[in-house]
Amino acid sequence: MKQSKKTESTMFSLYCILFWLVRRILVKGDFDLSACPSTESTWRYLARSGEKFLLFCDVPRQGLCHKRNLSKKQCSRTVYQGISYSSDIQWYKQPQNGSQLYAIRNNHPHIIWENNSLQFSPVGFNDAGSYICTIKYKSNPVKESRKSKEMNCFLKIILEVQPKENTPCMDSVKNELYLLIGSTDLVPCPAVNCEGDLQREDITWYKDGKLYPDRRKAYIDFTEIYYQDHGVYVCDYNQFVNSTWWIIRAVVEVKTIVKNTSTMPIILDPTHDMFTLEVELGKPLSLECKARFGFERNFNPVIKWYVEDAELNKEELKQENKSIIKQVEWETIHYIAYLKQVTKKDLLKNFICFAQNSVGNTTRTIKLKQKRAVLFIYILFGTTITLVIILMASAFIYRYWVEIVLLYRTYKAKDETLGDRKEFDAFVSYAKQDSFDSLDPSFLNEWSFALDLLPKVLEKKYGYTLCLFERDVIPGGAYTEDIVRIIKQSRRVICVLSPRYVSSPAVFELQAAINLALQDQTLKLILIKFSPFRETDSLPHRVKQALTVLPTITWRSSKSIPPNSRFWNCVRYHMPVKNHGGLGGKGFKIFPRIFS
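Note that the structure is a prediction, hence the values are computed from the model and not measured. (Residues numbered from 1 in each chain as written. Predicted model: local features only at pLDDT ≥ 70, side-chain atom pairs only at ≥ 80, totals over all residues. Heavy atoms only, no water.)

**Concerning the overall build of the chain**
Of regular secondary structure, the chain possesses 14 helices and 30 strands. The proportion of buried residues among the 596 residues of the chain is 40%. A fraction of 70% describes how many contacts in the chain between residues 6 or more apart in sequence connect residues 24 or more apart. When the accessible surface of the chain is totalled, it reaches about 35,800 Å², and 53% of it is carbon and sulfur. (Helix = DSSP H or I, 4+ residues; strand = E, 2+ residues; numbered from the N terminus. Buried < 20%, exposed > 50% of the residue type's maximum accessible area, 1.4 Å probe, protein only. Contact = heavy atoms within 4.5 Å. Areas by Shrake-Rupley, 256 points an atom, 1.4 Å probe, with all protein chains shown as cover.)

Structure (structure tokens):
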């Protein structure tokens, strides 16, 4: 317990010592100025009551130049060379009556703390006193070997406020100027105009808290005024009063303007007069009025919503929301009023958007109309029917795409066989028949399909030219050379796939067709899966890839036998487009297939 009390007593003593040191530094002005651009400990300013005034948390440029004995050009070039600011700034004040020092926050009614400055709007006698600000500097060394060093600097500023009534030229002082864009004008320093012939140094000008370069006269002259010339201008000069140097400071707020408008306001929304707005009874309603006002120096716009009944009695709707967009030549005001609930009586009233300036006024009238629920039902019903039709049409096209393409080819497509110098439309590849196989004529096997049914349908009915090895090739030649020659002379290769086919030498014909198709882009393969089969490991790699990638048409026994079945339509879809001549109305036989 004794040790704990002893520790608490020691900590309390340390806190007291620390508080005394901080208070001594801040109140008595014993600042560490070794890191500051100037060793001057105190800066004194004179201001006139009732005017706008600014204090900067940095060393005055003119004072620093005077201490270093710099010329005008040297001052503008070298005052802050090697020094940069940090944004960590704190302000404190001690009133003249000796009250306790306190930190300045952004809660004063007429003092604004912005960046590194305190803005008084306006300055009063109660603002007189001592102001202390802390600022961090970074020294930027000239030599690259040295590193920049961050240092704290404390500045003490004494502000004395004089009565404006004692100013001999009070009526001529202008702390607010309006400059016309495009004209020639000047900004005088009000403090100089009111001091007569008192001795003073050259004047230092600031604009928006930054040093205004190469301006040392009692005024700033503009050969042509631009919009960017607006801002807060500050002029300083030194004056020796009662054995003490004071900085006389005056603030001029410059506004760049254009000529006053000569037109009435333009209402942007509602877009036209007697506009009809559909509403729902019992629901809230927002009424928007947007108007553009031309520039006026004494700007006093009026924008309202009026309600006019059948007896022409007007009642103003109270403002609910208002926003302003400012530009150089005009301002846009967006005014919104609300109805808590739309009633039937509101359907008989006129709602008037009213905008007025010094030139005149403009109005727009809105009438309310009840929104019919039937219209929504019609829209919903029409949208649903449209979607159903689109889906049905998409499904129909997807299902009968082959038949649609064939119908188009019959009447519109060009013959792609003209001039290709090929003899056959398709070469038929199939497994050859063994002498031990059954020859039952009632049973349709792959041989009868290839040798009998394919020519019967494709040649006799649709006019294609097929090449069958046993029928169209003269025996006695080399088998491989004959196969390659026939495939080169064909536009398509029809392969009748079956278990016997993938395990017989006929696979060579498929492999040869694949190799030649890679060289000839007009040659295509048509795979017909006559019966299910398994791929064997002995199949060449390219044959396996072709069986996986290429589209396959499946034979479905008795369903596929009729010439107008989907099977034959798919075969014709992959066959070359050819003008068979004399086909006549056979193209219409596609329709029974579609609608069957």
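Structure's up, so let's keep going.
**Focus on the packing of helix α9 (residues 479-488) against helix α11 (residues 507-519)**
At a minimum axis distance of 10 Å, the contact between α9 and α11 shows a crossing angle of 45°. Taken together, the axes of α9 and α11 are oblique relative to one another. Crossing of α9 against α11: the hand is right-handed. Taking contact as the criterion, the partners of Y479, T480, I483, V484, I487 and K488 in α9 are, on α11, F508, E509, A512, A513 and L516. Counted by class, the contact of α9 with α11 contains eight nonpolar, one polar and two charged residues. (Axes fitted to C-alpha atoms, helices over the stretch in contact; angles between N-to-C directions. Parallel < 35°, antiparallel > 145°, perpendicular 65-115°, else oblique. Left-handed = near helix turned anticlockwise from the far one by under 90°. Nonpolar A, V, L, I, M, F, W, Y, C, P; charged D, E, K, R; others polar.)

**Some details on the pairing of strand β24 (residues 350-356)**
Burial runs high along β24: six of the seven residues are buried. Where strand β20 (residues 302-308) lies against β24, seven bridges are found, and the strand directions are antiparallel. Paired with I303 across the bridge in β24 is A355. Sheet topology note: the β24/strand β25 (residues 361-370) ladder contains seven bridges and is antiparallel. Following the sheet pairing, C353 is matched in β25 by R364. The loop that links β24 with its antiparallel partner β25 comprises four residues. (Pairing = 2+ DSSP bridges.)

**Details of the sheet that holds β25**
The strands that make up a sheet pair up through hydrogen bonds in the backbone, lying either parallel or antiparallel. The sheet built from five strands is open, its strands ordered β18-β25-β24-β20-β21 with mixed pairing. A single partner strand is all that each edge strand has here, and the edge strands are β18 (275-279) and β21 (314-317). Within this sheet the neighbouring strands show an average axis-to-axis angle of 30°, counted without direction. Bridging between β18 and β25 involves five bridges; their strand directions are parallel. The partner of F275 across the bridge, within β25, is I366.

**A word on the pattern of salt bridges**
Under the criterion given, the structure shown has 14 salt bridges. Residues participating in the shared-partner salt-bridge network are D420, D425 and R491. (Salt bridge = Lys/Arg side-chain N within 4 Å of Asp/Glu carboxyl O.)

**Quick word on a nonpolar patch on the surface**
A surface patch of nonpolar side chains, amounting to about 340 Å² of accessible area, comprises F376, I377 and L380. Locating I377 in the fold gives a position in helix α5 (residues 373-399). (Patch = residues over 30% accessible without salt bridge, like charges linked within 9 Å, V, L, I, M, F, W, Y side chains within 5 Å.)

**Remarks on the environment of S429**
Within the fold, S429 resides in strand β26 (residues 424-429). Separated by 67 residues in sequence, S429 and V496 place their C-alpha atoms 6.3 Å apart. Once residues within four sequence positions are removed from consideration, S429 is found in contact with I494, C495, V496, Y501, A506 and E509. Within the structure, the side chain of S429 is placed 2.8 Å from the side chain of Y501, a separation counted as a polar contact. (Polar contact = N/O pair within 3.5 Å; in protein donor to acceptor, adjacent residues only side chain to side chain.)

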